[in-house]
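The chain contents come next:
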Amino acid sequence: MSRIGVFVCHCGENISRTVDVEKVAAEAARLPGVAYATDYKYMCSDPGQSLLKKAVAEQQLDGVVVAACSPRMHEKTFRAAAKAAGLNPFLCEMANIREHCSWVHENREEATAKASDIVAMMVARVKKDRKLVPITVPVTKRALVIGGGIAGIQAALDIADAGHQVVLVEREPSIGGHMAQLSETFPTLDCSQCIMTPKMVDVANHPNITLHTYAEIENVDGYIGNFQVTVRKKARSVIEEKCTGCGICSAKCPQKKIPNTFDRQLGTRPAIYVPFPQAVPNTPVIDRENCTWFKSGKCGVCQKVCGPGAIDYDQQDQLLVEPVGAIVVATGFELYSIAEKPKGSPIKGYGEFGHGKIPDVIDGLTFERLASASGPTGGKIVRPSDGREPKEVVFIQCVGSRAREKGISYCSKICCMYTAKHTMLYKHKVHDGQAYVFFMDARTPGKNYDEFWRRAVEEEEAVYIRGMVSRLYQKGDKVVVMGSDIAVGVQVEIEADLVVLATAVQPRPGADTLAQKLGISYDKYHFYSEAHAKLKPVECATAGIYLAGACQGPKDIPDTVSQASAAAAKVMTLFAKNELEREPIVAKVNEKNCVACLACKKVCPYGAVEEKELRDRQGNLIRVVAYVNPGVCGGCGTCQATCPSKSVELDGYTDEQIMAMIESL
Amino acid sequence: MTPARNQLIYSYYPGCSLHASAKEYDESTRGLFKALRIGLVEVPDWLCCGATPAHNVDELLSLSLCAKNLALAEEVPGDLAVACAACFSRLKVTQHKLADNDDKRRQVEYAIAGQVNLAKPVKHLLEILARDFGLDRLTEAVKKSLSGLKVACYYGCLLTRPPEVPQLDCTEAPTIMERVIGAVGAETVAWSHRLECCGANFTLSRPGVVLKLSSEILASAKAAGADCLMVACPLCHGNLDIRQKEIEEVTGERFDMPVFYMTQLLALAVGVAPNKLGLESMIVNPQPLLKKKGLL
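Quantities reported herein were computed from a predicted structural model and do not represent experimental measurements.

## What about the overall build of chain A?
Step number 1: If you tally the helices and strands in chain A, you get 18 helices and 34 strands.
Step number 2: C-alpha atoms of chain A, sized along the principal axes, occupy 90 × 75 × 40 Å.
Step number 3: Intrachain contacts of chain A at a sequence separation of at least 6 include 69% that bridge at least 24 residues.
Step number 4: A total of about 30,000 Å² of accessible surface is found on chain A, and carbon and sulfur atoms cover 51% of it.

In structure tokens, the structure reads:
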């Protein structure tokens, strides 16, 4: 005979406002098998939990039902309390009378009756509960970081410094990401290269970090603590071990006119190249699309001039399998392009502002390269069209951002600050120049940020015009910008030498494909979704995968670095244990009945079902059955619902329990 | 009238301008379509669409006028062909606004004492020529190529805006006019003010505004090296052609820029007699230009 305890929570007034909790407790007390029933204002509080513990001990309860909120909220809390009282935690169940009852109903009598029904069902179920023991799985104490920008670099260094192995995978030939492209950074105006390149070197030299550049994630298998990640190392056509980074190959390459993507198409580079002089690793890569050897089979100059013999035209892509326990995703962002409408994107595209046809209309990242000491002009600010120093520069904010009619509703967060920075950099280099900024509102929250913006306006005399630009067009060698000043209520026309657009921040192309490989979720813009905006901001809903940087949403460098370190801390927390505990709510196969139709294998979203051969003592095959790997099983129950012979059952949700719940009504 | 097989036939809504100030647009449209063997049947008893002022005063009136015209157009065969940009815009807006608003629809039905019928496609002449008739066939029909004539195609406000209503071409960077006139050999220039407003109805109340806006359009076209402007709207034509002398007086700049209706140039190219195009009623005399280019 079971002795069940029922605890009905008021949840302050959240439940008791609509449900007569005393009546629910009184009715529960009359249910067969219920030995004790009571109500309390806050069951989750310390006195509430003590009440539960005390009752378990005093009443010798062998099962507990807490009628309160959703199990998502406090199941763990009450199971821990039950465990502390000496009960198996899986003999504690929650009846959800808040989200499923009080919050969605108004009629007190009917809601009370429904709450009683929900409690009765859970009492019927808890009586059939079995003691379950958490499953433990080993942890591979090795982390994978995807993306070698500042987020990935910071996370990798933090984890490696804690003594764990890290595999860092970067798609481009060098790490550094967008931060390596920046000139000076707000709000301190220290040069990006000076704070970035030492970190890049640290990554390359760190004994605990394995760096794979020019590589992409091909496939991800496994689960928290035990991922198997296949990395595709794209063929560089250069043998990394042999190359000394002398640079002769690049210098002698006859192809010289390929637009330099690192310099935002402002300069050119050869077909065998390192993206920028401070690249890490300093190993060149052959751009096979533009290389004469790969296009026509002639040339071969780099191979001839390479002393160490590092050029290998026959190099193939390599597939490496890396076992890791945790993954940090730090794939970063790209800038929204006004020139083209992205294909298949919910974003409608801009199309205005010169369509990418007017050469002196550039985006913020291009301006960074113009202003950067390591850029194509050595930091001299000139116009792309004729190399002349621009005397009037118009900056336009919110291009694509906060434009619902264009398909992007979010604020890109970093542009107000970087445009203010651009006006300063410009003024520092062109003393007699004038910067104008068309803006909607200046959003400068952050330490020393508003002060920085005010400095741009008050000391560097950038003219801020509140209002949007309707259009711009080329007139002679000028770009006429037509806009409105809504503070004064007049139309403004400025004949500018250069126009810089602060275009929207978007996730990297292919962010959705990577998310599908990783099994993590993303929003409609393809930014990755965190598990909880406030309480789990760096975790994904998929266990063992963490987020850092602008792949989750627009972020500046300080925020990115903080989040990267937070993600690293989460990884270290995971690696602090030798074994992971997993909820034992997993599917089990009744091998006696299983006919090995493997319908369960087809439907399993986690890939947890395998085939298992049953053999006799002599090793002869008797038959094949399905087997659920408890380490992989997510406990969704799809297999149980599918199995035609009723051979799979989910612990805690057996057919017997479900039937008992239904019959209790 | 029974249409022959494969022959295009349209019901035709000329609108008030084409019977008055823009007679040459009407005349050249009929001439062009006759030369291309496209049938035009004028909607019987049509009334004013309300043009650009009505909807500012009384939306219901404006919608009802167009709904009535759409109902009348049901009596003749073919999709509805419209030449005037303002009429085109108002008819399309009416279809757009009544399509998913039952309340307004009921009010309009009460006002016109009849059914609202939105099924008939309303097409601008540009659409008919570029899509239904086809640019290839247009090129085939050329008798006198306009090659050597540099045309600045002027869209104005209404042909492509607002984006969701006319659906004629891209709102920001349309090319339909250039494609159509390019098909008969003319050279089109790239210029910045293709989509700017000419000042429209302010021609009566605030002529100063019109002079400024229209002068910028003319200056931009001239700077781009155009010989002439091509328009599809009687109001634009009025501001740019009739007021051009005045603009020249105010700005001191001489434009001498003939402003053609698109159909005048097209009809000329497909061999319609020049004296059937209403060239003589243009204020800026196009004869010297056309003679110079060997088109007369």
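The rest of the description comes next.
## Quick look at the overall build of chain B
Step number 1: From N to C terminus, chain B includes 14 helices and eight strands.
Step number 2: Compactness check: chain B gives a C-alpha radius of gyration of 19 Å against a globular reference of 19 Å for 296 residues, within 12% of the reference.
Step number 3: For chain B, the C-alpha atoms occupy an extent of roughly 55 × 50 × 30 Å along the three principal directions.
Step number 4: Expressed as a percentage of its 296 residues, the buried residues of chain B come to 53%.
Step number 5: Across chain B, every contact between residues at least 6 apart in sequence was considered, and the portion connecting residues at least 24 apart equals 76%.
Step number 6: Surface accessibility of chain B: about 12,500 Å² in total, with carbon and sulfur atoms responsible for 52%.
Step number 7: In chain B, the 32 positive side-chain charges and the 33 negative ones have mean positions that sit 4 Å from each other.

## Quick look at the pattern of salt bridges
Step number 1: Taken as a whole and assessed by the stated rule, the structure comprises 53 salt bridges over all chains.
Step number 2: A salt bridge links Asp 477 of chain A to Arg 388 of chain A; the nearest nitrogen and oxygen atoms lie 3.4 Å apart. With a gap of 89 residues between them, Asp 477 of chain A in the loop between strand 24 (469–475) and strand 25 (478–485) and Arg 388 of chain A in the loop between helix 11 (364–371) and strand 21 (392–399) connect regions that are remote in the sequence.
Step number 3: Residue class for Asp 477 of chain A comes out partly exposed when judged on its relative accessible area of 38%.
Step number 4: For Arg 388 of chain A, a relative accessible area of 34% puts it in the partly exposed group.
Step number 5: For Glu 59 of chain B, the salt bridge is made with Lys 104 of chain B, and the minimal N-O distance between the two is 3.5 Å.

## Observations regarding the packing of aromatic side chains
Residue and element names in this part refer to chain A.
Step number 1: A full pass over the atoms with the stated rule returns 13 aromatic pairs over all chains.
Step number 2: Relative to Tyr 313, the ring of Phe 294 has its centre 5.9 Å away and its plane inclined at 80 degrees; by these criteria the two rings are edge-to-face. Note that Phe 294 is positioned in helix 9 (residues 292–296) and Tyr 313 in the loop between helix 10 (301–305) and strand 17 (318–324), a separation of 19 residues in sequence.
Step number 3: Judged by relative accessible area, Phe 294 falls into the partly exposed class, the value being 27%.
Step number 4: Grouping aromatic residues by their ring pairs yields a cluster made of Trp 293, Phe 294 and Tyr 313.
Step number 5: One residue, Arg 125, lies across the ring of Tyr 653, its end atom 4.2 Å from the ring centre.
Step number 6: Directly above the ring of Tyr 214 sits Lys 234, whose terminal nitrogen or CZ lies 4.6 Å from the centroid.

## Observations concerning the interface of chain A and chain B
Step number 1: Across the contact, 10 residues belong to chain A and seven residues belong to chain B.
Step number 2: Both faces combined, the contact of chain A with chain B buries some 560 Å², and carbon together with sulfur accounts for 45% of it.
Step number 3: Inspection of the region where chain A meets chain B yields one salt bridge.
Step number 4: Here Arg 471 of chain A ties to Glu 196 of chain B by a salt bridge, and the two come within 2.6 Å at their closest N and O atoms.
Step number 5: For the pair chain A and chain B, the number of links is two residue pairs in polar contact (both at pLDDT 80 or more).
Step number 6: Per-element accounting of the side of chain A that touches chain B gives the leading share, three residues, to strand 24 of chain A.
Step number 7: Here the side of chain A that touches chain B is composed, by residue class, of three nonpolar, three polar and four charged.

## Digging into a nonpolar patch on the surface
Residues and elements named next belong to chain A.
Step number 1: Taken together, the side chains of Tyr 653, Ile 658, Met 659 and Ile 662 present a nonpolar region at the surface, about 340 Å² in accessible area.
Step number 2: Positionally, Ile 658 belongs in helix 18 (residues 655–663).
Step number 3: Classification of Ile 658 by relative accessible area gives partly exposed; the value is 33%.

## Here we look at the sheet that holds strand 21 of chain A
All names here are of chain A.
Step number 1: Across the sheet, which stays open at both edges, the five strands sit in the order 20-27-21-22-23 with parallel pairing between neighbours. In this open sheet, the two edge strands, each paired with only one partner strand, are strand 20 (361–363) and strand 23 (463–466). For this sheet, the mean angle separating the axes of adjacent strands, direction not counted, is 25 degrees.
Step number 2: Pairing analysis gives three bridges linking strand 20 to strand 27 (residues 498–503), with the strands arranged parallel. The residue of strand 27 that forms the bridge with Asp 363 is Leu 501.

## Regarding the side chain of Arg 79 of chain A
Step number 1: Looking at the element boundaries, Arg 79 of chain A is found in helix 3 (residues 71–84).
Step number 2: Here Arg 79 of chain A is in contact with Pro 89, Phe 90, Cys 92, Glu 93, Glu 583 and Ile 585 of chain A, once residues within four sequence places are set aside.

## Quick word on the state of the cysteines
Step number 1: In the structure shown here, the tally under the stated rule is one disulfide over all chains.
Step number 2: Cys 246 of chain A provides the cysteine sulfur closest to Cys 306 of chain A, a residue in no disulfide bond, and the two sulfurs are 6.3 Å apart.

## Remarks on the domain arrangement of chain B
Residue and element names in this part refer to chain B.
Step number 1: Each domain of chain B was delimited in the assignment, giving domain 1 (9–124) and domain 2 (144–292).
Step number 2: The distance between the C-alpha centroids of domain 1 and domain 2 comes to 23 Å.
Step number 3: On the domain 1 side of the contact with domain 2, Glu 24, Tyr 25 and Leu 32 bury the most area, a combined 28% of that side's loss.
Step number 4: Across the domain 1-domain 2 interface, the total number found is zero salt bridges.
Step number 5: One can count five residue pairs in polar contact (both at pLDDT 80 or more) joining domain 1 with domain 2.
Step number 6: Among the secondary structure elements, those contributing two or more residues to the side of domain 1 that touches domain 2 are helix 1 (15–19), helix 2 (23–35), helix 3 (51–57) and helix 5 (85–99).
Step number 7: If one sorts the elements of the side of domain 1 that touches domain 2 by residue count, helix 2 sits on top with eight residues.
Step number 8: For the side of domain 1 that touches domain 2, the class distribution of residues is 13 nonpolar, eight polar and three charged.

## Thoughts on the sheet that holds strand 3 (residues 63–68) of chain A
Residue and element names in this part refer to chain A.
Step number 1: An order of 2-1-3-4 is seen for the four strands of this open sheet, with the pairing classed as parallel. Every interior strand has two partners, whereas the edge strands, strand 2 (34–40) and strand 4 (92–96), have only one. Here the average twist between neighbouring strands, direction ignored, is 15 degrees.
Step number 2: Sheet topology note: the strand 3/strand 4 ladder contains five bridges and is parallel. Looking at the pairing, Val 64 lines up with Cys 92 of strand 4.
Step number 3: The strands touched by helix 1 (residues 21–29) within the sheet are strand 1 (4–9) and strand 2, with strand 2 carrying the most contacts at an inclination of about 175 degrees.
Step number 4: Packing of helix 2 (residues 46–58) onto the sheet brings it into contact with strand 1, strand 2 and strand 3, and relative to strand 2 it is tilted by some 165 degrees.

## Topic: the nonpolar core
Step number 1: Within the largest apolar cluster, 100 residues are counted, with the highest numbers of intra-cluster contacts made by Leu 168, Ile 175, Val 203, Ile 209, Val 328, Phe 367 and Val 571 of chain A.
Step number 2: By residue number, the principal contributor to this core is helix 6 (residues 150–161) of chain A, which donates eight residues.
Step number 3: In this structure, Val 76, Leu 126, Met 230 and Tyr 261 of chain B belong to the second largest nonpolar core, which totals 92 residues.

## With respect to the side chain of Asp 287 of chain A
All names here are of chain A.
Step number 1: Its place among the elements puts Asp 287 in the loop between strand 16 (285–286) and helix 9.
Step number 2: Side chain to side chain, Asp 287 and Asn 290 meet in a polar contact 2.7 Å long.
Step number 3: Every residue in contact with Asp 287, bar those within four places of it in the chain, is listed here: Ile 258, Arg 269, Ala 271 and Tyr 273.

## Quick word on the UniProt feature "domain: Cysteine-rich" (unreviewed entry) in chain B
All names here are of chain B.
Step number 1: The feature "domain: Cysteine-rich" (unreviewed entry), as given by UniProt, occupies residues 11–91 and 151–241 in the numbering adopted here.
Step number 2: Taken end to end, residues 11–91 is 58% helix and 14% strand, and its two terminal C-alpha atoms sit 14 Å from one another.
Step number 3: Between the C-alpha atoms that bound residues 151–241 there is a distance of 15 Å. The span itself is 41% helix and 10% strand.

## Examining the pairing of strand 33 (residues 621–628) of chain A
All names here are of chain A.
Step number 1: Bridge count for strand 32 (residues 609–615) against strand 33 is seven bridges, and the pairing is antiparallel. Across the sheet, Glu 613 pairs through a bridge with Val 624, a residue of strand 33.
Step number 2: Here strand 32 hands over to strand 33 after five residues, with Gly 619 in that stretch at a positive phi of 90 degrees.

## A word on unusual backbone geometry
Step number 1: The residue after Phe 186 of chain A, namely Pro 187 of chain A, is reached through a cis peptide bond having omega -5 degrees.
Step number 2: The omega torsion of the bond from Arg 161 of chain B to Pro 162 of chain B falls at -10 degrees, within 30 degrees of zero and hence cis.
Step number 3: Examined against the element boundaries, Pro 162 of chain B turns out to sit in the loop between strand 5 (150–153) and helix 8 (176–183).
Step number 4: With phi around 65 degrees, Asn 448 of chain A is a residue other than glycine that occupies positive phi space.
Step number 5: Following the sequence through the fold, Asn 448 of chain A ends up in the loop between strand 22 (434–439) and helix 13 (449–458).
Step number 6: Its identity as a non-glycine residue notwithstanding, Glu 461 of chain A has a phi of 60 degrees, on the positive side.
Step number 7: With respect to the helices, strands and loops of the structure, Glu 461 of chain A is situated in the loop between helix 13 and strand 23.

Basis of the calculations
Residue numbers run consecutively from 1 along every chain, following the written order of its sequence. Chains carry letters from A onward and ligands carry numbers from 1 onward, assigned in written order. Given that this is a predicted model, residues contribute local features only at a pLDDT of at least 70 and side-chain atom pairs are listed and counted only at 80 or more, while totals for whole chains, interfaces and linings are drawn from all residues. Computation of side-chain values: all heavy atoms of the structure, hydrogens and water removed. The helix and strand labels rest on DSSP assignments: H or I over at least four residues marks a helix, E over at least two residues marks a strand, and numbering proceeds from the N terminus. Note on definitions: a residue-residue contact is assigned when non-hydrogen atoms from the two residues lie within 4.5 Å. Surface exposure here means Shrake-Rupley accessible area, sampled with a 1.4 Å probe, where a residue is shielded only by the protein chains that are shown. Here the radius of gyration uses the C-alpha set of atoms, whereas the globule reference equals 2.2 Å times the residue count to the power 0.38. Buried means the residue's accessible area, taken with a 1.4 Å probe over protein chains only, is under 20% of the maximum for its type, while exposed means over 50%, and partly exposed covers the values in between. His residues and chain termini do not enter the charge count, which takes Lys and Arg as positive and Asp and Glu as negative. Charged side chains are reduced to one point each, which is NZ for Lys, CZ for Arg, CG for Asp and CD for Glu. Basic side-chain nitrogens of Lys or Arg form a salt bridge, by our definition, when they fall within 4 Å of a carboxyl oxygen of Asp or Glu. The criterion for an aromatic pair is that two Phe, Tyr or Trp rings (for Trp, the six-membered ring) have centres within 6.5 Å, with stacked assigned to planes under 30 degrees apart, edge-to-face to planes over 60 apart and tilted to the rest. Note on geometry: a ring has a charge over it if NZ (lysine) or CZ (arginine) is within 6 Å of the ring centre and within 35 degrees of the ring normal. What gets called buried area is simply the loss in accessible area from a 1.4 Å probe that two parts show on being joined, summed for both. Within 3.5 Å is the distance limit for a polar contact, defined as a pair of N or O atoms, with the added protein rule that one can donate a hydrogen and the other accept it, and that residues adjacent in sequence qualify only through two side-chain atoms. Only Asp, Glu, Lys and Arg are considered charged in this grouping, and only Ala, Val, Leu, Ile, Met, Phe, Trp, Tyr, Cys and Pro are considered nonpolar; every other residue, Gly among them, is considered polar. Patches were defined on residues exceeding 30% relative accessible area and lacking a salt bridge, with like-charge contacts within 9 Å and nonpolar side-chain contacts (Val, Leu, Ile, Met, Phe, Trp, Tyr) within 5 Å. Two strands form a pair only when DSSP identifies at least two bridges running between them. For helices, the axis comes from a line fit to the C-alpha atoms of the stretch in contact; other axes are also lines fit to C-alpha atoms, and the angle between any two N-to-C directions lies between 0 and 180 degrees. Cysteine sulfur atoms are paired as a disulfide whenever they come within 2.5 Å of each other. Throughout, the edges of the domains are those of an automatic or database domain assignment. The set of buried Ala, Val, Leu, Ile, Met, Phe, Trp, Tyr and Cys residues whose side-chain atoms join them within 4.5 Å is what this entry labels a nonpolar core. UniProt positions are given in the numbering used here, feature names are shortened, and annotations may be inferred rather than shown by experiment.

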